[in-house]
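# Structure assessment
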Amino acid sequence: MITIKDVFEDYKQLNKIYSANETEAISLLTISEITTLSKASIKAFPERELTAQQAESFKNILAELLTGKPIQYILGVTEFYGLPFKVNANVLIPRPETEELVEWILLEGERLKVKGKRFSGRILDIGTGSGCIAISLKKNLPNAQVSAIDISEGALQTASENANLNNVDVDFIHRDILNSELRTQNSELRTHHIIVSNPPYVTLEDKKQMHTNVTDFEPHTALFVPEDDPLLFYRAIADFALVNLAAGGLLFFEINESLGKETVQLLQDKEFINIELRQDMSGRDRMVKASLNRD
């Protein structure tokens, strides 16, 4: 019989693809998922024997991992902001940086609440993907009315499953934010107090620096933008917000770390105010907040 320690040793083959720390994290996540043991228990009892079925599962998962396929896609699940999310080839794998954006929005939501009551305004997530932002916001702001749009029907199906998984009510809508009609007039989406988006922002130059487990497996429509117009989606969403953001409302973006100043300038040119560029825990320009001066 093989043991947990044997799995860790076998999975060191992943050092050909990942750093040693990443390999250990992937190994620990996989063992925890397959055995349902806590990570603390796994580390405390490495000599624990595994069943034949578990051993076969580890072998099959390792074969997929060695192709570069992300562990989250292999397992079909991941965690975001303390909540479980299904993930597949239709959606990006949620990142820790996006959790920081959610945290920022929740703090601002507290400031927007009225007369001590919990925030109950309308929130729109543009390009929702797995629904991680919209669902996390709804879970933590239960009185809010949360909607989310995406161009991908496959992504919306996954997001809907994730809303059910987390027992929240989010209105998912199939729309293309690059549709000019959607951006230039009030639609059935109505007016929103918070608009948030983590849109595509990776350029082809950026792609050269990215790991193949991202470029070969995650959906390109959710990642890449034209080299000559990297702020394409930010411009479109800002135009939408000009029409659909309520008085005193806020616009939040996750951004390309190389284009922080350019994103701020775009918002300034469109007469947004109180623009704040914020860094993530790694010290990289990663998110922006702005508002409108509504008379």
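Residues numbered from 1 in each chain as written. Predicted model: local features only at pLDDT ≥ 70, side-chain atom pairs only at ≥ 80, totals over all residues. Heavy atoms only, no water.

For clarity, the threshold we go by: UniProt positions are given in the numbering used here, feature names are shortened, and annotations may be inferred rather than shown by experiment.
With an unreviewed UniProt entry as reference, the chain is termed Release factor glutamine methyltransferase, source organism Mucilaginibacter dorajii. We quote the UniProt Catalytic activity (unreviewed entry) comment for the chain here in full: "L-glutaminyl-[peptide chain release factor] + S-adenosyl-L-methionine = N(5)-methyl-L-glutaminyl-[peptide chain release factor] + S-adenosyl-L-homocysteine + H(+)".

### Regarding the overall build of the chain
What counts is decided by this rule: Comment: elements are numbered from the N terminus, with helices defined as DSSP H or I runs of at least four residues and strands as E runs of at least two. Each residue is assigned to one of three classes by its accessible area relative to the maximum for its type, calculated with a 1.4 Å probe on protein chains only: buried under 20%, partly exposed between the two thresholds, exposed over 50%. Working rule for contacts: check all heavy atoms of both residues, and any pair within 4.5 Å makes them a contact. Accessible areas in this description were obtained via Shrake-Rupley with a 1.4 Å probe; residue shielding takes into account the shown protein chains only.
Helix and strand counts for the chain stand at 13 helices and nine strands. By residue count, 47% of the 295 residues in the chain fall in the buried class. Restricting the contact set of the chain to residue pairs at least 6 apart, pairs at least 24 apart contribute 65%. Accessible surface, the chain: about 14500 Å² in total, of which carbon and sulfur atoms supply 47%.

### Points about the UniProt feature "binding site: substrate" (unreviewed entry) in the chain
Under the present numbering, the feature "binding site: substrate" (unreviewed entry) in UniProt falls on Asn-198, Pro-199, Pro-200 and Tyr-201. Here Pro-199 shows up in the loop between strand E6 (192-197) and helix H10 (204-207). If near-sequence neighbours (up to four positions away) are discounted, Pro-199 is found in contact with Phe-233, Tyr-234, Ile-237 and Glu-254. Secondary-structure assignment places Pro-200 in the loop between E6 and H10. Given a relative accessible area of 10%, Pro-200 falls into the buried group.

### Some details on the confidence of the model for the chain
The cut-off we apply is this: One confidence number per residue, pLDDT, is output by the predictor and ranges from 0 to 100.
For the chain, per-residue confidence averages 89 on the pLDDT scale, and 86% of positions sit at 70 or higher. Of all the helices and strands in the chain, helix H11 (residues 212-215) carries the lowest mean pLDDT, 56, while helix H8 (residues 153-165) carries the highest, 98.

### What to know about the pairing of strand E4 (residues 145-150)
Rules: When DSSP locates at least two bridges between a pair of strands, those strands are taken to pair. For a crossover, the right-handed case is the one in which the path from the first strand over the helix to the second runs clockwise, viewed with the strands pointing away from the viewer.
By the criterion of burial, E4 is predominantly enclosed, with five of the six residues buried. Taken together, the five bridges between strand E3 (residues 122-126) and E4 define a ladder with parallel strand orientation. Bridging from a neighbouring strand, Arg-122 pairs with Gln-145 of E4. Each parallel crossover has a hand, and for E3 linked through helix H7 (residues 132-140) to E4 it is right-handed. Note on the crossover from E4 through H8 to strand E5 (residues 171-174): the handedness is right-handed.

### Notes on the packing of aromatic side chains
Quick note on the threshold: Two rings belonging to Phe, Tyr or Trp (six-membered ring only in the last case) form a pair when the distance between their centres is within 6.5 Å. Interplanar angles under 30 degrees mark stacking, angles over 60 mark edge-to-face geometry, and anything in between is tilted.
What the rule picks out here adds up to four aromatic pairs. With a centroid separation of 5.5 Å and an interplanar angle of 80 degrees, the aromatic rings of Trp-104 and Phe-252 are classed as edge-to-face. Residue Trp-104 is found in helix H6 (residues 96-112), and its partner Phe-252 is found in strand E7 (residues 245-254); the two are separated by 148 residues along the sequence. There is no split in this pair, since Trp-104 and Phe-252 are both buried.

### Describing the environment of Leu-242
Looking at the element boundaries, Leu-242 is found in helix H12 (residues 232-244). Look at Leu-242 and you get partly exposed, because its relative accessible area is 30%.

### Some details on unusual backbone geometry
Positive phi values are uncommon outside glycine, yet Tyr-81 reaches one of about 50 degrees. Here Tyr-81 is to be found in the loop between strand E1 (77-80) and strand E2 (83-86). What makes Tyr-81 partly exposed here is its relative accessible area of 23%. In this model, Asn-274 sits at a positive phi of 50 degrees, which is unusual for a non-glycine residue. Along the chain, Asn-274 turns up in strand E8 (residues 272-279).

### What to know about the environment of Cys-132
Here Cys-132 is to be found in helix H7. The exposure class of Cys-132 is buried, given its relative accessible area of 8%. In the structure, Cys-132 is positioned 38 residues away from Pro-94 in sequence and 7.0 Å away in space, judged by C-alpha atoms. Apart from residues no more than four positions distant in its own chain, Cys-132 is found in contact with Phe-80, Phe-85 and Pro-94.

### Some points on the packing of helix H2 (residues 20-35) against helix H4 (residues 52-65)
Two measures define how a pair of helices packs: the angle their axes make with one another and the distance between the axes. Heads up, the rule is: Angular values range over 0 to 180 degrees, each being the angle between N-to-C directions of two axes fitted as lines to C-alpha atoms, with helices fitted over their stretch in contact. Handedness of a crossing is defined here by the sense of rotation of the near helix relative to the far one, left-handed for an anticlockwise turn of less than a right angle and right-handed for a clockwise turn. Polar here means any residue other than Ala, Val, Leu, Ile, Met, Phe, Trp, Tyr, Cys and Pro, which are nonpolar, and Asp, Glu, Lys and Arg, which are charged; Gly is therefore polar.
Contact pair H2 / H4: the axes reach a minimum separation of 11 Å and the direction vectors enclose 140 degrees. The element H2 and its partner H4 pack so that their crossing is right-handed. Where H2 approaches H4, its residues Ile-26, Thr-30, Ile-31, Ile-34 and Thr-35 are matched on the opposing element by Gln-54, Ser-57, Phe-58, Ile-61 and Leu-65. Across the contact of H2 with H4, the residue classes tally to six nonpolar, four polar and no charged.

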